[in-house]
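Summary of structural features
Single-letter residue listing:
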Amino acid sequence: MEQYSSKVMEHFAQPHNVGEIADADGVGTVGNPVCGDVMRLYIKVENNIITDAKFKTFGCGAAIATSSMVTDLVKGKTIEEALKVSNAAVAEALGGLPKVKMHCSVLAEEALRSALDDYYKKKGIPSPVKLSPDAGHEHEME
Amino acid sequence: MRKVYLDHAATTPVHPKVLEAMLPYFSVRFGNPSNLHDVGREAKNAVDEAREKTALLIGAKPEEIFFTSSGAESNNFALKGLAQANNQKGNHIIVSQIEHFSVLHPVKTLEKSGFKVTYIETDKTGLVDPADIAKAITKETILVSIMHANNEIGTIEPIEEISKITQEKGVLFHTDAVASTGWIPVDVKALGVDALSLAGHQFYGPKGAAALFVRKGVRIKPQLEGGIQEEGRRAGTENVPAIVGLGKAAELAAAEVPHRMSSVSALRDRLQKGLTEKISHLVINGHPTRRLPHNLNVSMWYVEGESMLLFLNMQGVSVSSGSACTSRSLKSSHVLVCIGTDAAVANGTLLLSLGAGNTAEDIDYVIDTLPPIVQRLREMSPLYEDMIKKEKVG
């Protein structure tokens, strides 16, 4: 396998925004333990701006690093801006990912979109978020 | 920072005495064993001596040892070479589901060329039931290949019982002893096998030298052609320094196996006990007693293997992970799948393999280092969070 970039190792060793938000405005859980990674992303929204984001992740070094990076990236962004954060942007911000680990950045994007979808639903607004059917959004633990 | 190497199943360091034996054959005694002059003869003698030492380790005759480049080559040579040389007798091969890929992949290739293959399941400890082999043998069966010990979970297979069956039925029997040679007694007569693979770098020899034992009188088709080396069975100028190293490692192993078994297994037991006491939701994989002395394969719920490996590495500890995330296919280890390990916990697997150089202090360092890593990762894990919440509700 290719080695991780120093940025990935930095975010893996000291991940930012680990934890839960008790009164989160949006929560998304994607992935499943069978294929290796599960990400849960919490967002707090005030006046359409993401004021806080936290995560919990079960997964490899890249999964933890992408979770850390995606929460960093969306903080301070409007909901509309956050919707445009792509897996490529997450990977790029981490100085790239080994090819076999690119799916971790996809999972980070999916976790974010799932949390945004949950935010819209909680608000009673029709969600513009299209969720990928195979990302395991409805996955039940166990 | 303390450095603790617990990945001897991946490879071992070259023993200083092995290195010392090898060095002259890179420079002063650089000859090609195929040459008749003195320089060539000197190299030929060295290869012959290594062949004798390797044969002695496994109770074989020197002329039954064929040097190869790796355990994978020995396994490829055995499966393809034995199947192709004996295909007039039948076209059926039997292997276990937990064989190394260097057995399973050549077998797949043979399947594509017309051979029929039966893949035998194991029980939850990784043991093959000899009765299953007996049942699977048909009139068409020409070859059985069951590993001596599994490289991941360390389970030692009942080779002696299986060979009674193959001998009675007149079927060839190969065993992949790459993981076991140098760690437990390996004797081709006691095991009753017709062919056996071993690799030097698994027991303090160098990488690049391995061997296939083929019992005298058994036909095998060469897979590398175009040279007279190894009695025409394997073409290519010999890797003389590495072969000399393999011979020296075999000589050392012959003397040290009993000590390695007792001292290393005591440290392994200490590690197993320490981790089991300090880490909750932990599963020991493999057979409780029929296991390689240096093997400890553990799965831990709610944490992922690669993350543990990376954090251990930051603290000077080298281990392997059996997790999906480190393999290209993103699939769990086929061995853990076969023994019925839950796929969710299979991804939290570490393979800790000890060596003769490890000390009690090394083991205690790992017992102190790993539990906080597991705890930290579990606190980061949504699966652990869900489990805790469920426990509270329940």
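Note that the coordinates shown come from a computational prediction; the quantities given were computed from them, not determined experimentally. (Residues numbered from 1 in each chain as written. Chains lettered and ligands numbered in written order. Predicted model: local features only at pLDDT ≥ 70, side-chain atom pairs only at ≥ 80, totals over all residues.)

1. With respect to the pairing of strand β3 (residues 92–96) of chain B
Residue and element names in this part refer to chain B. Using the following cut-off: Residues with at least 20 neighbouring C-beta atoms inside 10 Å of their own are called buried, those with 12 or fewer are called exposed, and the rest are partly exposed, where every C-beta is derived from the backbone. Going along the chain from the N terminus, every DSSP run of H or I of four or more residues is numbered as a helix, and every run of E of two or more is numbered as a strand. For two strands to be treated as a pair, DSSP must find at least two bridges joining them. For a crossover, the right-handed case is the one in which the path from the first strand over the helix to the second runs clockwise, viewed with the strands pointing away from the viewer.
Counting buried positions along β3 yields 5 of 5 residues, so the element is predominantly enclosed. The alternating pattern of β3 places H92, I94 and S96 and I93 and V95 on opposite faces, both of which are buried. Where β3 and strand β4 (residues 116–120) come together, 5 bridges link them in parallel fashion. Note on β4: the bridge partner recorded for S96 is I120. You can see the chain leave β3, run along helix α4 (residues 101–112) and come back into β4, and the turn it takes is right-handed. Alignment of β3 against strand β5 (residues 141–145), held across 4 bridges, turns out to be parallel. When the bridges of β5 are listed, I94 appears paired with V144.

2. So, the confidence of the model for chain A
All names here are of chain A. Worth spelling out the cut-off: Per residue, pLDDT measures the predictor's confidence, with a range of 0 to 100. The contact criterion used is a C-beta to C-beta distance within 7 Å, with each C-beta placed from the backbone.
Predicted confidence across chain A gives a mean pLDDT of 90, with 91% of residues reaching 70 or more. Within chain A, the element-level pLDDT minimum falls on strand β1 (residues 26–32), averaging 92, and the maximum on strand β3 (residues 49–58), averaging 97. Counted against residues more than four places away or in other chains, residues 137–142, with its pLDDT under 50, gives 6 contacts.

3. Examining helix α13 (residues 382–393) of chain B
To keep it simple, the criterion reads: To estimate how far a helix should extend, the number of its residues minus one is multiplied by 1.5 Å.
The end-to-end C-alpha distance of α13 of chain B, which contains 12 residues, comes to 16 Å, matching closely the 16 Å that a straight helix rising 1.5 Å per residue would cover. On the buried face of α13 of chain B, the contacting elements are β1, β2 (37–46) and β3 of chain A together with α12 (360–379) of chain B.

4. Section: the environment of N76 of chain B
Residues and elements named next belong to chain B. As for its position among the elements, N76 is in helix α3 (residues 71–85). Owing to 21 C-beta atoms within 10 Å, N76 belongs among the buried residues under this scheme. Each residue touching N76, except ones within four places of it in the same chain, is listed here: S102, P106 and Q223.

5. Details of the sheet that holds strand β13 (residues 349–353) of chain B
Residues and elements named next belong to chain B. For the record, the criterion: Only the stretch in contact is used when fitting a helix axis, every axis being a line fitted to C-alpha atoms; angles between N-to-C directions are given from 0 to 180 degrees.
Strand order in the open sheet made by the 4 strands is β9-β10-β13-β12, with antiparallel pairing throughout. Taken across any chain shown, the strands that pair with only one partner, and hence form the sheet edges, are β9 (282–285) and β12 (320–321). Pairing between strand β10 (residues 295–300) and β13: 5 bridges, direction antiparallel. Bridged to S299 within β13 is T349. Against the sheet, helix α8 (residues 240–278) makes contact with β9, β10 and β13, and its axis sits at roughly 15 degrees relative to β10, the strand it touches most.

6. Focus: the nonpolar core
The condition that has to hold: Nonpolar core, as used here: buried Ala, Val, Leu, Ile, Met, Phe, Trp, Tyr and Cys residues forming one set through C-beta atoms within 7 Å.
L112 of chain A together with F213 of chain B are the most contacted members of the largest nonpolar core, which has 155 residues in total. Broken down by element, the residue count for this core peaks at 13 residues, all from α8 of chain B. Apart from the residues within four sequence positions on either side, L112 of chain A is in contact with G28, L41, V70, V74, A82 and V85 of chain A.

7. What to know about the domain arrangement of chain B
All names here are of chain B. Formally: An automatic or database domain assignment provides the domain bounds reported here. Note on residue categories: nonpolar means Ala, Val, Leu, Ile, Met, Phe, Trp, Tyr, Cys or Pro, charged means Asp, Glu, Lys or Arg, and polar means any other residue, Gly included.
As far as domains go, chain B holds domain 1 (4–9 + 257–393) and domain 2 (16–253). Computed over C-alpha atoms only, the centres of domain 1 and domain 2 are separated by 30 Å. With 22 residues of domain 1 at the interface, the matching set in domain 2 holds 23 residues. Along the lines of polarity and charge, the residues of the side of domain 1 that touches domain 2 split into 9 nonpolar, 10 polar and 3 charged.

8. Things to note about the sheet that holds β5 of chain B
All names here are of chain B. Strand order in the open sheet made by the 7 strands is β2-β8-β7-β6-β5-β3-β4, with mixed pairing throughout. On the outer flanks of this sheet lie β2 (65–68) and β4, each paired with one strand and no other. Taking the axes of each pair of neighbouring strands and ignoring which way they run, one obtains an average angle of 20 degrees across the sheet.

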